[in-house]
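Below, each chain spelled out in residue letters.
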Number of protein chains: 2
Amino acid sequence: MAPPPLRSDALRNRQRLLAAAREVFDEQGVTAPLDEIARRAGTGNATMYRHFANRRELALAVYADEVTSLCDHGLALLEAPDAGEALFTWLRAFMRHVATKRELATVENPDPGDAGSELFARWHAQMRGTVAALVERAQQVGAVRPDLDAVDLLLVTSGIAFTGADSGRAEHLLDLVRRGTGHQDGG
Amino acid sequence: MAPPPLRSDALRNRQRLLAAAREVFDEQGVTAPLDEIARRAGTGNATMYRHFANRRELALAVYADEVTSLCDHGLALLEAPDAGEALFTWLRAFMRHVATKRELATVENPDPGDAGSELFARWHAQMRGTVAALVERAQQVGAVRPDLDAVDLLLVTSGIAFTGADSGRAEHLLDLVRRGTGHQDGG
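Residues numbered from 1 in each chain as written. Chains lettered and ligands numbered in written order. Predicted model: local features only at pLDDT ≥ 70, side-chain atom pairs only at ≥ 80, totals over all residues. Heavy atoms only, no water.

### A closer look at the interface of chain B and chain A
Okay, step 1: If you look at the interface, chain B gives 24 residues, while chain A gives 25 residues.
Okay, step 2: A buried area of about 2100 Å², summed over both sides, lies between chain B and chain A, and 60% of it is on carbon and sulfur atoms.
Okay, step 3: The tally of links from chain B across to chain A stands at 2 salt bridges.
Okay, step 4: The shortest N-O distance in the salt bridge between Arg169 of chain B and Asp152 of chain A comes to 2.8 Å. (Contact = heavy atoms within 4.5 Å. Buried area = accessible area lost by both parts, 1.4 Å probe. Salt bridge = Lys/Arg side-chain N within 4 Å of Asp/Glu carboxyl O.)

This is how it looks when you write it as structure tokens:
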């Protein structure tokens, strides 16, 4: 049986806690003191623990929220007038996500050799679905090569985030990759 | 005063220890038992510790050796007939180096936020010098764009190695980047 829906004040608290957790994890890393999160959300620790039993649950909720935002952003970009620009706008957002949320993923999956948990597998599938739709649309208008593989593009973009380059440099590196995706440069 | 040159049997032992250390670190990671390295080199532990006082010295020697090989390989490739192919042959070797030797670097520089030790700074400068020479030669024959930045190329290549893609997939991703480097694809 599904849990009953949250009352509106509980929902508001949950949203505040998630927003505070995102901020605090961004600033201090995923090992930041949880008290600071409750303090910034303006709730007591007891309220925080009622919503999120521990650090892992909080970190996973922040991550899930971010994946949902990214996928919603992708969906909105499917309506943007320039399909090629829409694809790379999304890839820049994805790159920022990887650069800033990478540490969060270690809460669930501390072993880099591990293929990843079921949760991460589902999230990765969602992101692959999003980029595939954006690539397909860009291909339809000839903005990128017909044989461009969406997962290749996602992997190279993650790789750029992994270099730790600052965001300006990272976007410059993504432009280098973008040049290789054009349909005009032949076989 | 420089240390006296090693006698030929001492030199041979050093080379054997380095080759064994490379093998064992590749197979078992940089925390592998040092005894196994001495055993595989066919020397006693005492001989090993005479050459390399500790794990850090051994790991740094393996890394230094690898950087020297990479730079020598680059120098040889400056004589290869196809300057564009030579550049990407070297980048593939560099990518393998990053993928397999990344963990070794943590012995010297355990903090990923740290800009790196003096040793690593020198090694990175050597690799930047090597790729710059290969890019310049490829530019001279028009194999890559005149405004292609060698360090950008090195960074994106490291990023691909950081994704943990297997070597076939990683080479495929490097090909995607290569498409963006051609002089034929305009501004």
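### Things to note about the relation of the copies chain B and chain A
Mapping between the two chain copies consists of a rotation about an axis together with a translation along that axis.
Okay, step 1: Laying chain B over chain A is done by rotating through 180° and shifting 0.0 Å along the axis; what remains is an RMSD of 0.0 Å. The transformation just described matches what one would write down for a two-fold rotation axis.
Okay, step 2: A symmetric contact is evident, with 100% of the interface residues of chain B recurring at the interface of chain A. (Least-squares fit on C-alpha atoms with pLDDT ≥ 70 in both.)

### So, the packing of aromatic side chains
Okay, step 1: Within the structure shown, the criterion is met by 8 aromatic pairs over all chains.
Okay, step 2: Note on Tyr63 of chain B and Phe120 of chain B: the rings are 4.8 Å apart at their centroids and 55° apart in plane angle, and the pair reads as tilted. Highlighted residues: Tyr63 of chain B in helix α4 (residues 55-77) and Phe120 of chain B in helix α6 (residues 118-140), separated in sequence by 57 residues.
Okay, step 3: Assessed through its relative accessible area of 4%, Phe120 of chain B is described here as buried.
Okay, step 4: Three or more aromatic residues link up through ring pairs in this structure, and these residues are Tyr63, Phe120 and Trp123 of chain A. (Phe/Tyr/Trp six-rings, centres within 6.5 Å; stacked < 30°, edge-to-face > 60°. Helix = DSSP H or I, 4+ residues; strand = E, 2+ residues; numbered from the N terminus. Buried < 20%, exposed > 50% of the residue type's maximum accessible area, 1.4 Å probe, protein only.)

### Points about the packing of helix α1 (residues 8-28) of chain A against helix α2 (residues 34-41) of chain A
Residues and elements named next belong to chain A.
Okay, step 1: Closest axis-to-axis distance for the α1/α2 pair is 8 Å, and the angle between their directions is 130°. Relative to α2, the element α1 lies oblique. For the pair α1 and α2, the sense of crossing is right-handed. Contact with α1, carried on its side by Arg16, Leu17, Ala20, Ala21, Glu23, Val24, Phe25, Glu27 and Gln28, involves Glu36, Ile37, Ala38, Arg40 and Ala41 of α2 and no other residues of that element.
Okay, step 2: Tallied by class, residues from the contact of α1 with α2 come to 8 nonpolar, 1 polar and 5 charged. (Axes fitted to C-alpha atoms, helices over the stretch in contact; angles between N-to-C directions. Parallel < 35°, antiparallel > 145°, perpendicular 65-115°, else oblique. Left-handed = near helix turned anticlockwise from the far one by under 90°. Nonpolar A, V, L, I, M, F, W, Y, C, P; charged D, E, K, R; others polar.)

### So, the pattern of salt bridges
Okay, step 1: A complete count under the given rule lists 24 salt bridges over all chains for this structure.
Okay, step 2: A salt bridge links Glu27 of chain B to Arg40 of chain B; the shortest N-O distance between them is 2.9 Å. With a gap of 13 residues between them, Glu27 of chain B in helix α1 (residues 8-28) and Arg40 of chain B in helix α2 (residues 34-41) connect regions that are remote in the sequence.
Okay, step 3: With a relative accessible area of 52%, Glu27 of chain B lands in the exposed category.
Okay, step 4: Overall, Arg40 of chain B belongs to the partly exposed group, its relative accessible area being 29%.
Okay, step 5: Between Glu36 of chain B and Arg39 of chain B there is a salt bridge, with the nearest N and O atoms lying 3.1 Å from each other. Of this pair, Glu36 of chain B and Arg39 of chain B both sit in helix α2, 3 residues apart, which is roughly one turn of the helix.
Okay, step 6: Each of the salt bridges in this network shares a partner with another, and the network as a whole consists of Glu23, Glu27, Glu36, Arg39 and Arg40 of chain A.

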